[in-house]
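Residue-level structure breakdown
In case you want the letters, here they are:
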Amino acid sequence: MSSAIIRQYTILLFITLAFVSCKFEDPIKNKSSFSDVKRIRYTEVRRSFDSGLIFNKDGYQLAPIWKLMFFSDKWVSVYSPDKDKFLNFAVTLDHDSIFNISGTWLKANKISKDSLRFQVLKVEGKTVYYVKSNVYMTLYANNYIKNVLHKTAGEVKRPLRRDSQYIYKRVAEVNAKPDSFFAARKPVQFISKSPLATVEKKGVEADIMNKWDNSDEYMFPEYNITIKKAYEDFSYSFWATVDAQGGIHYQKSMTYVFPEFVKSTDHTIRALIDGYLKAYFQVIPGTTLGIPHNSAIVINIRGKKK
């Protein structure tokens, strides 16, 4: 057999072996492992968007709430805020460093004894939507926080300078336009100045159903206001903006109004704002990182004649 034929056979054999090696590569090699960090307690210290910020343009703030400890590649203990205790969950390892904990799909970007970094994945069926997977979690080992950083978890979780700079920029943008707004991390407050007026802010409990996210409480704050000894019985629901000085600006009724009654309804609600809300309440504007700014609220106001 000639040397040329031998070379051809050798090349063919090499290509065949390479193809088989690639096609039947053990997928386990692409899986993450937590065996080197088992029984280390971690606390989430930052959750940010791919922009590197903890806020989006609407005022939604990502909150670091996870605490966990891996027992192995199959089991993890995760703190449950609503039950105030750690619960054990199965870990499902998948390809490409993807894993699942209690219905949450994550991708491990970093695994070390000092810190973990995960990407929160948007998964539907068997499809991962990386374009929508724009949230990242950073967790530090409790020992690293205490003995290396010499800080508390609360101190490490504080917003960074770039977060504050972004909020200053957003505040300048929305406060320059009366009808512009974004959600206030500390929502508007109504303080009654009269025994004839009471207010109750609707709360949202963080539980496993909303994945311990009670952001609706500040993203869509809603207030039930009752006026006693009103000029007549009435009930209206509307949304308004509250400016940085605490001024209430009516925007629109929350209940359907026939076209022929829109003008009169708007007139009545504005009169209630001027006649009752401004007279009976001190209105403290919503703030984010301590900075007052325009924000939107929903008001359900009810008047009782007797």
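Residues numbered from 1 in each chain as written. Predicted model: local features only at pLDDT ≥ 70, side-chain atom pairs only at ≥ 80, totals over all residues. Heavy atoms only, no water.

1. Examining the overall build of the protein chain
What counts is decided by this rule: Only DSSP runs of H or I reaching four residues or more are called helices, and only runs of E reaching two or more are called strands; each is numbered from the N terminus. Burial classification: accessible surface area is computed with a 1.4 Å probe over protein chains only, and a residue below 20% of its type maximum counts as buried, one above 50% as exposed, and the rest as partly exposed. In this analysis, two residues are considered to be in contact whenever any of their non-hydrogen atoms come within 4.5 Å of each other. Calculation of accessible area relied on Shrake-Rupley with a 1.4 Å probe; when residues are assessed, cover is drawn exclusively from the protein chains displayed.
Scanning the protein chain for helices and strands turns up 6 helices and 19 strands. Scored against the burial criterion, the 306 residues of the protein chain give a buried share of 37%. Considering only residue pairs separated by 6 or more positions, the protein chain has 63% of its internal contacts joining residues 24 or more positions apart. Summed over all atoms, the accessible surface of the protein chain reaches about 18,500 Å², with 54% contributed by carbon and sulfur.

2. Observations regarding the side chain of Thr-288
Rules: Under this definition, polar contacts are N or O atom pairs within 3.5 Å; protein pairs additionally need one hydrogen-donor-capable and one acceptor-capable atom, and for neighbouring residues in sequence, both atoms have to be side-chain atoms.
With respect to the secondary-structure elements, Thr-288 resides in strand 17 (residues 287-288). Residue classification places Thr-288 among the buried residues on the basis of a relative accessible area of 1%. At 3.1 Å, the side chain of Thr-288 forms a polar contact with the backbone nitrogen of Arg-185.

3. A short note on the pairing of strand 2 (residues 67-70)
For the record, the criterion: Strands pair, by our definition, only if DSSP identifies at least two bridges between them.
Inspection of the sheet shows strand 1 (residues 42-49) paired to strand 2 by 2 bridges, in the antiparallel sense. Each residue of the ladder has a partner; that of Thr-43, found in strand 2, is Lys-67. The sheet contact formed by strand 2 and strand 3 (residues 75-80) spans 3 bridges and is antiparallel. Each residue of the ladder has a partner; that of Met-69, found in strand 3, is Ser-77.

4. So, the pattern of salt bridges
What counts is decided by this rule: Salt bridge, as applied in this entry: a Lys or Arg side-chain nitrogen positioned within 4 Å of an Asp or Glu carboxyl oxygen.
In the structure shown here, the tally under the stated rule is 8 salt bridges. With a closest N to O distance of 2.8 Å, Glu-173 and Arg-170 form a salt bridge. Of this pair, Glu-173 and Arg-170 both sit in helix 4 (residues 161-175), 3 residues apart, which is roughly one turn of the helix. Overall, the relative accessible area of 35% leaves Glu-173 in the partly exposed class. For Arg-170, a relative accessible area of 14% translates into the label buried. With a shortest N-O distance of 3.4 Å, Lys-202 and Glu-222 are connected by a salt bridge. On the criterion of sequence distance, the pair formed by Lys-202 in the loop between strand 12 (197-201) and helix 5 (216-219) and Glu-222 in strand 13 (residues 222-228) is long-range, its members being 20 residues apart.

5. Description of the packing of aromatic side chains
Under the convention used in this document: Each Phe, Tyr or Trp ring (for Trp, its six-membered ring) is paired with any other whose centre lies within 6.5 Å, and the angle between the two planes then decides the class: stacked below 30 degrees, edge-to-face above 60, tilted in between. The criterion is that NZ of a Lys, or CZ of an Arg, lies within 6 Å of the ring centre and within 35 degrees of the ring normal, and then a charge sits over that ring.
Enumeration over the complete set of coordinates arrives at 16 aromatic pairs. A ring pair is formed by Phe-34 and Phe-99, whose centres lie 5.0 Å apart and whose planes are at 75°; its orientation type is edge-to-face. Of this pair, Phe-34 sits in the loop between helix 1 (3-23) and strand 1 while Phe-99 sits in strand 5 (residues 98-101), and the two are 65 residues apart along the sequence. Like Phe-34, the residue Phe-99 is buried in the burial classification. Ring geometry for Tyr-140 versus Tyr-144: centroids 5.2 Å apart, planes at 75°, classification edge-to-face. Tyr-140 sits in the partly exposed class, given a relative accessible area of 22%. An aromatic cluster of three or more residues is present, and its members are Tyr-231, Phe-234, Tyr-236, Tyr-276 and Tyr-280. Positioned above the aromatic ring of Phe-86, the side-chain terminus of Arg-41 is 5.2 Å from the ring centre. A cation over an aromatic ring shows up here: Lys-132 above the ring of Tyr-129, its NZ or CZ 5.7 Å from the ring centre.

6. What to know about the sheet that holds strand 5
To keep things clear, this is the line we draw: Helix axes use the C-alpha atoms of the stretch in contact, all axes being lines fitted to C-alpha atoms, and the angles between their N-to-C directions lie in the range 0 to 180 degrees.
The strand order around the closed barrel formed by 8 strands is 1-2-3-4-5-6-7-10, and the pairing between neighbours is antiparallel. Put simply, the sheet's adjacent strands are angled 35° from each other on average, direction ignored.

7. Topic: the nonpolar core
Going by this rule: Take the buried residues of types Ala, Val, Leu, Ile, Met, Phe, Trp, Tyr and Cys, join any two whose side-chain atoms come within 4.5 Å, and each joined set is a nonpolar core.
With 23 residues, the main nonpolar core has Phe-190, Phe-238, Leu-277 and Ile-301 as its most contacted residues. Broken down by element, the residue count for this core peaks at 5 residues, all from helix 6 (residues 262-280). Setting aside residues no more than four positions away along its own chain, Phe-238 makes contact with Tyr-250, Lys-252, Ser-253, Met-254, Ile-269, Ile-273, Leu-277, Ile-297, Val-298, Ile-299 and Ile-301. Core analysis: the second largest hydrophobic core is formed by 20 residues, Phe-34, Val-91, Phe-99 and Tyr-144 among them.

8. Some remarks on the sheet that holds strand 14 (residues 234-242)
Ordered in space as 12-13-19-14-15, the 5 strands form an open sheet in which the pairing is mixed. Looking at strand neighbours, the two that pair on one side only are strand 12 and strand 15 (248-253), the edges of this open sheet. Strand-to-strand twist across the sheet, computed as the mean angle between neighbouring axes with direction ignored, equals 30°. Note: strand 14 against strand 15, 5 bridges, orientation antiparallel. Counted as the bridge partner of Thr-241 is His-249 from strand 15. Lying on the sheet, helix 6 is in contact with strand 12, strand 13, strand 14, strand 15 and strand 19 (295-304); it crosses strand 14 at an angle near 75°.

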